[in-house]
Number of protein chains: 2
Amino acid sequence: MKKPTPPVSGAAPNMKQVAEAAGVAVSTVSRALTNPGRVNEKTRTRVAEAARKLGYTPNAAARSLRMGKSKTIMIVLPGALYYGASQIIPLALAGIDGLLARNGFKILIANLDREEATEQHIINLAGSGTVDGAIVLSSAPPSVGGRSLKDLGLPVVAMLHDISDQGVPSVITNEHQIMCAATELLIAEGHRQFLYVAGPDGVYHEVHRYAGIREAIARHGLPESALTRTEGVGAYQEGFNIGFAAAEQLLAMAPRPTAALCCSDDAALALLKRLLDEGIEVPSEVAVMGFDGAAVGALFRPALSTIEQPATEMGTRAAALLLEMLAGEEVPPVTVVDSTILRRGSA
Amino acid sequence: MKKPTPPVSGAAPNMKQVAEAAGVAVSTVSRALTNPGRVNEKTRTRVAEAARKLGYTPNAAARSLRMGKSKTIMIVLPGALYYGASQIIPLALAGIDGLLARNGFKILIANLDREEATEQHIINLAGSGTVDGAIVLSSAPPSVGGRSLKDLGLPVVAMLHDISDQGVPSVITNEHQIMCAATELLIAEGHRQFLYVAGPDGVYHEVHRYAGIREAIARHGLPESALTRTEGVGAYQEGFNIGFAAAEQLLAMAPRPTAALCCSDDAALALLKRLLDEGIEVPSEVAVMGFDGAAVGALFRPALSTIEQPATEMGTRAAALLLEMLAGEEVPPVTVVDSTILRRGSA
DNA sequence: TTGTAGGCGTTATCAA
DNA sequence: TTGATAACGCCTACAA
């Protein structure tokens, strides 16, 4: 018999050793461990005991290879792993992780926008059988040369963005509607001149939130001039800069808007600070409304009013959808979890 | 020949198919793809072309099984995946992920304190060959029945906590020294009565930071009564509550401390808010110093002075150490990356 | 330079 | 109820 290269070999015991220790065949060990019903109770106990004594853990790679699945889910995060005060991503992860872990899945983190050809890396993870499915928190499922995650036949769920038009079931929040509602609230309280502090141009959220505000403006018969929109000055990660830039713009405007609706709490908090530094009273002179529901906003003076996203629940829902897809069930193309307006003082 | 159960079988092509398409043997494909030097250039091109055309990606499970390693690193996070405003964990992850991804490693997230028997889960991941190493951000490496991660022969690196006494190389910051320095700074500016707003009792950080303050107090000949320490009221995740509780205590004290040093920015910001709400001037009546370096602290009025932890760099260092260990190199038991005092206004 | 063959640890089929 | 055995896809020692 040829002697193959001993591939590493830590002390990790394998089934054969357990089988020997228990005085049974390998196949019996396998059954005893994974299919306890189909094996004699006494044998089962003997095997379990041997496994315990040896500290046996089934080799995941071998199982994966044999079964064709890995019990691993990939989470695709947008951009750099720094997300300001909003905590949307960590909360979403908590939701996802909670449900998936409870179902025996491992979580593999992949994030986009890394230096190297990351999209390729992600596609590879999918194609290599490393993962059984993916949850995408970035705006588009990664793709290389027109070949995207879902083309690989991998179950994919999106959250935060609606990409159901690309055939990816999506968990989103009611951005349009809640932004409309918030605006209507402010209109009802007498505001007539609005500033929308926008995030990156053309991004999904921006389209919908802005549309929501416009709808409220239109519905109440206010002129188009009642709403100004800042120019996108960068990614959400640079929320503070967005807020500071918006402050400059607001301070220079005449007539001055009496209400600012922001794309994120980071932007809102930076704007808030700058306004207060300028001696402007919030909310009496300018009302400021954030978006996200960052807990830290409650510590500002005045406390930041904001739109709270149900990030954890969205995560849980996305995970649940993925589990259903893995089970071969049909899932709805779009799942909406409502955000809520959180009035804390600044608007 | 027996007909084995076709295990799933997506359309994922394997080496055999590539070999057929290229008109060579499987082993040649393997060589061409992983050891391009040892194969005829023309053959190599033909193989590469076939692989490209078929959209071939090597199966990770098979490779893992054969090679005995997975190119996957487990990151063990403490507690729930919600970390207040501090961003230490996300920043650390960014640092870790950056270096590891660049070296072709995948990142598996495991977090402690989940409902189920999570320690067992983590140990299993390690024992099952799923991961080649681990970076631990929690205070102790998970263990079950006295069997800990490192007993499994897995390279482990710790960060944030020094557990080098357990044989785990650790990347930490100079908590003791920087806290001492910050206190000395405040003493030099005339402060004589201090409050330390403590985190959870008995935790590593608390021991070292408190010791740092005490050293400064002692070195300058101040009496023990110059320093009061709040009782730990909960985990770091509940930073706001820690701060609020501390505020109550501070307001009730006589003589009132003129400087509060806090275990986290979350605690410091909550304390700050509460003091300002009470009409207390910061920093003139009470100086407030945070810990972590949360970016959002700069938006408060006054802006939060704090001790900035080099979280990203610590992450990078930890990853680097792990890579060295995987390469069989010796690594130092303790690596210290300095924090810096960030004076922004509140102290 | 290329092909043949064996085995990594597991599960599932089939026969006993 | 149990055991022998054939793959899963890959890598590598060895032969050609």
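Residues numbered from 1 in each chain as written. Chains lettered and ligands numbered in written order. Predicted model: local features only at pLDDT ≥ 70, side-chain atom pairs only at ≥ 80, totals over all residues. Heavy atoms only, no water.

Undergrad: Would you mind going over the packing of aromatic side chains with me for this structure?
TA: Aromatic rings in a pair are described by how distant their centres are and how their planes are angled relative to each other. Counted under the stated rule, the structure contains 3 aromatic pairs over all chains. Each ring, one from A:F300 and one from B:F300, has its centre 3.8 Å from the other, and the planes form 40°; the classification is tilted. Of this pair, A:F300 sits in the loop between strand 11 (287-289) and strand 12 (306-308) while B:F300 sits in the loop between strand 11 (287-292) and strand 12 (305-308), each in a different chain. For the pair shown, A:F300 and B:F300 are each scored as buried. Over the aromatic face of A:F291 sits the side chain of A:R209, whose NZ or CZ is 3.7 Å from the ring centroid. Between the NZ or CZ atom of A:R229 and the centre of the ring of A:Y210, over which it lies, the distance is 4.4 Å. (Phe/Tyr/Trp six-rings, centres within 6.5 Å; stacked < 30°, edge-to-face > 60°. Helix = DSSP H or I, 4+ residues; strand = E, 2+ residues; numbered from the N terminus. Buried < 20%, exposed > 50% of the residue type's maximum accessible area, 1.4 Å probe, protein only. Lys NZ or Arg CZ within 6 Å of the ring centre and 35° of its normal.)

Undergrad: Sorry, what's going on with the UniProt feature "domain: HTH lacI-type" (unreviewed entry) in chain A here?
TA: In the numbering adopted here, UniProt assigns the feature "domain: HTH lacI-type" (unreviewed entry) to residues 13-67 of chain A. In the segment residues 13-67 of chain A, helix accounts for 71% and strand for 0%; the C-alpha atoms at its two ends are 20 Å apart. (UniProt positions renumbered as here; feature names shortened; annotations may be inferred.)

Undergrad: How should the pattern of salt bridges be read in this particular structure?
TA: Close approach of charged atoms lets side chains of opposite charge pair. Residue and element names in this part refer to chain A. One pass over the full model with this rule turns up 24 salt bridges over all chains. A salt bridge links R44 to E41; the nearest nitrogen and oxygen atoms lie 3.2 Å apart. A residue pair is termed a helical-turn pair when its members lie 3 or 4 positions apart in one helix, as R44 and E41 do in helix 3 (residues 41-54) at 3 residues. A relative accessible area of 25% places R44 in the partly exposed class. Residue E224 is joined to R214 by a salt bridge in which the shortest nitrogen-to-oxygen separation is 4.0 Å. Of this pair, E224 sits in the loop between helix 8 (204-219) and strand 9 (227-229) while R214 sits in helix 8, and the two are 10 residues apart along the sequence. Relative accessible area serves as the criterion here: at 65%, E224 is assigned to the exposed category. Judged by its relative accessible area of 39%, R214 falls in the partly exposed class. (Salt bridge = Lys/Arg side-chain N within 4 Å of Asp/Glu carboxyl O.)

Undergrad: It is not clear to me how the packing of helix 7 (residues 175-188) of chain B against helix 8 (residues 204-219) of chain B should be interpreted in this structure. Could you clarify?
TA: Two numbers describe a pair of packed helices, the interaxial angle and the distance between the axes. All names here are of chain B. The geometry of helix 7 relative to helix 8 is characterised by a closest axis approach of 7 Å and an angle of 40° between their N-to-C directions. When the axis of helix 7 is compared with that of helix 8, the two are oblique. In this structure, helix 7 crosses over helix 8, and the sense of that crossing is right-handed. For the pair helix 7 and helix 8, the contacting residues are E175, H176, M179, C180, T183, E184 and I187 in the first and Y204, H205, H208, R209, A211, G212, I213, E215, A216, I217 and R219 in the second. Across the contact of helix 7 with helix 8, the residue classes tally to 8 nonpolar, 5 polar and 5 charged. (Axes fitted to C-alpha atoms, helices over the stretch in contact; angles between N-to-C directions. Parallel < 35°, antiparallel > 145°, perpendicular 65-115°, else oblique. Left-handed = near helix turned anticlockwise from the far one by under 90°. Contact = heavy atoms within 4.5 Å. Nonpolar A, V, L, I, M, F, W, Y, C, P; charged D, E, K, R; others polar.)

Undergrad: Please explain helix 6 (residues 118-127) of chain A as it appears in this structure.
TA: Side chains three or four residues apart in an α-helix point the same way, a direct result of the helix having 3.6 residues per turn. Among the residues of helix 6 of chain A, those classed as buried are A:T118, A:I122, A:I123, A:L125, A:A126 and A:G127. A positive phi of about 75° marks A:G129, the residue just after helix 6 of chain A.

Undergrad: Explanation requested: the confidence of the model for chain A in the structure shown.
TA: If pLDDT is low for a region, its predicted coordinates should not be looked at in detail. Residues at a pLDDT of 70 or more form 93% of chain A, whose mean pLDDT is 91. Note on residues 1-10 of chain A: pLDDT under 50 across the span, and 6 contacts to partners over four residues away in sequence or across chains. (pLDDT = per-residue confidence, 0-100.)

Undergrad: Would you mind going over the sheet that holds strand 11 of chain A with me for this structure?
TA: Whether parallel or antiparallel, the strands of a sheet pair through hydrogen bonds between backbone atoms. Residue and element names in this part refer to chain A. Strand order across the open sheet formed by 4 strands is 9-8-10-11, with parallel pairing between neighbours. Bordering the open sheet on either side are strand 9 and strand 11, each of which pairs with just one other strand. Pairs of neighbouring strands in the sheet enclose a mean axial angle of 20°, with direction left out of account. Helix-sheet contacts for helix 9 (residues 239-252) involve strand 8 (194-197), strand 9 and strand 10 (259-262), and the interaxial angle to strand 8 is about 155°. (Pairing = 2+ DSSP bridges.)

Undergrad: Looking at this structure, how should I read helix 4 (residues 60-67) of chain B?
TA: Residue B:N59 occupies the N-cap position of helix 4 of chain B, its side-chain oxygen lying 2.8 Å from the main-chain nitrogen of B:A61. Once helix 4 of chain B finishes, B:G68 follows within two positions and takes phi at roughly 75°, a positive value. (Polar contact = N/O pair within 3.5 Å; in protein donor to acceptor, adjacent residues only side chain to side chain.)

Undergrad: Explain unusual backbone geometry here, please?
TA: A negative phi angle characterises most non-glycine residues, just as the trans form characterises most peptide bonds. With an omega of 0°, the peptide bond running from A:A254 to A:P255 counts as cis. Note that A:P255 resides in the loop between helix 9 and strand 10. Here the residue pair A:R301 and A:P302 is connected by a cis peptide bond, since its omega of 0° sits within 30 degrees of zero. Secondary-structure assignment places A:P302 in the loop between strand 11 and strand 12. Positive phi values are uncommon outside glycine, yet A:D292 reaches one of about 140°. Following the sequence through the fold, A:D292 ends up in the loop between strand 11 and strand 12. Exposure remark for A:D292: the relative accessible area of 8% places this residue in the buried category. Positive phi outside glycine occurs at B:L160, with the angle close to 80°.

Undergrad: Even after reading the chapter, I still don't get the domain arrangement of chain A, so can you show me in this structure?
TA: Taken as a whole, chain A is organised into domain 1 (15-56), domain 2 (71-171 + 312-338) and domain 3 (175-311). One C-alpha centre belongs to domain 1 of chain A, the other to domain 2 of chain A, and the line joining them spans 37 Å. (Domains from an automatic or database assignment.)

Undergrad: Please clarify how the interface of chain A and chain B should be interpreted in this entry.
TA: By a frequent convention, interface size equals the accessible area lost on bringing the separate parts together. In this assembly, 59 residues from chain A lie in contact with 58 residues from chain B. Counting the contacts that link chain A with chain B gives 2 salt bridges. Inspection of the chain A/chain B interface yields 8 residue pairs in polar contact (both at pLDDT 80 or more). Of all the secondary structure elements, the ones that give two or more residues to the side of chain A that touches chain B are helix 4 (60-67), helix 5 (88-102), strand 2 (106-111), helix 6, helix 9 and helix 10 (265-277) of chain A. Its residues placed into classes, the side of chain A that touches chain B shows 33 nonpolar, 14 polar and 12 charged. The pairing of strand 2 of chain A with strand 2 (residues 106-111) of chain B spans 3 bridges and is antiparallel.

Undergrad: Whenever I open this one, the relation of the copies chain A and chain B confuses me. Can you help?
TA: Turning one copy of the chain about an axis and sliding it along that axis gives the other copy, so a rotation and a shift relate them. Mapping chain A onto chain B calls for a rotation angle of 180° and an axial translation of 0.0 Å; the resulting RMSD is 0.1 Å. Seen this way, the second copy is the image of the first under a two-fold rotation axis. Mapped onto chain B, 98% of the interface residues of chain A again fall at the interface, so both copies present the same surface. (Least-squares fit on C-alpha atoms with pLDDT ≥ 70 in both.)

Undergrad: How should the environment of A:E231 be read in this particular structure?
TA: Residue and element names in this part refer to chain A. Within the secondary structure, E231 is located in the loop between strand 9 and helix 9. Taking the relative accessible area as the measure of exposure, E231 reaches 64% and is therefore exposed. For the pair E231 and G202, spaced 29 residues apart in sequence, the C-alpha to C-alpha distance is 11 Å.

Undergrad: Help me out: how do you make sense of the packing of helix 1 (residues 15-22) of chain B against helix 3 (residues 41-54) of chain B in this one?
TA: All names here are of chain B. Contact pair helix 1 / helix 3: the axes reach a minimum separation of 9 Å and the direction vectors enclose 125°. Here helix 3 runs oblique to helix 1, going by the angle between their axes. Between helix 1 and helix 3 lies a crossing whose hand is right-handed. Here Q17, V18, A21 and A22 of helix 1 lie close against helix 3, whose contacting residues are R46, V47, A50, A51 and L54. The class makeup of the residues in the contact of helix 1 with helix 3 is 7 nonpolar, 1 polar and 1 charged.

Undergrad: Would you take a moment to explain the environment of A:G127 for this structure?
TA: With respect to the secondary-structure elements, A:G127 resides in helix 6. The sequence separation of A:G127 and A:G95 amounts to 32 residues, and the corresponding C-alpha distance is 26 Å. For A:G127, the contacting residues outside a window of four places in its chain are A:L152 and B:T57.

Undergrad: Just checking my understanding: could you explain the pairing of strand 1 (residues 72-77) of chain B for this structure?
TA: Each regular strand carries side chains that alternate between the two faces of the sheet. Residue and element names in this part refer to chain B. Burial runs high along strand 1: 6 of the 6 residues are buried. Residues T72, M74 and V76 of strand 1 are buried on one face, and the alternating residues I73, I75 and L77, pointing to the opposite face, are buried as well. Summarising the sheet, strand 1 and strand 2 pair through 6 bridges and their orientation is parallel. By the bridge assignment, V76 is partnered in strand 2 with A110.

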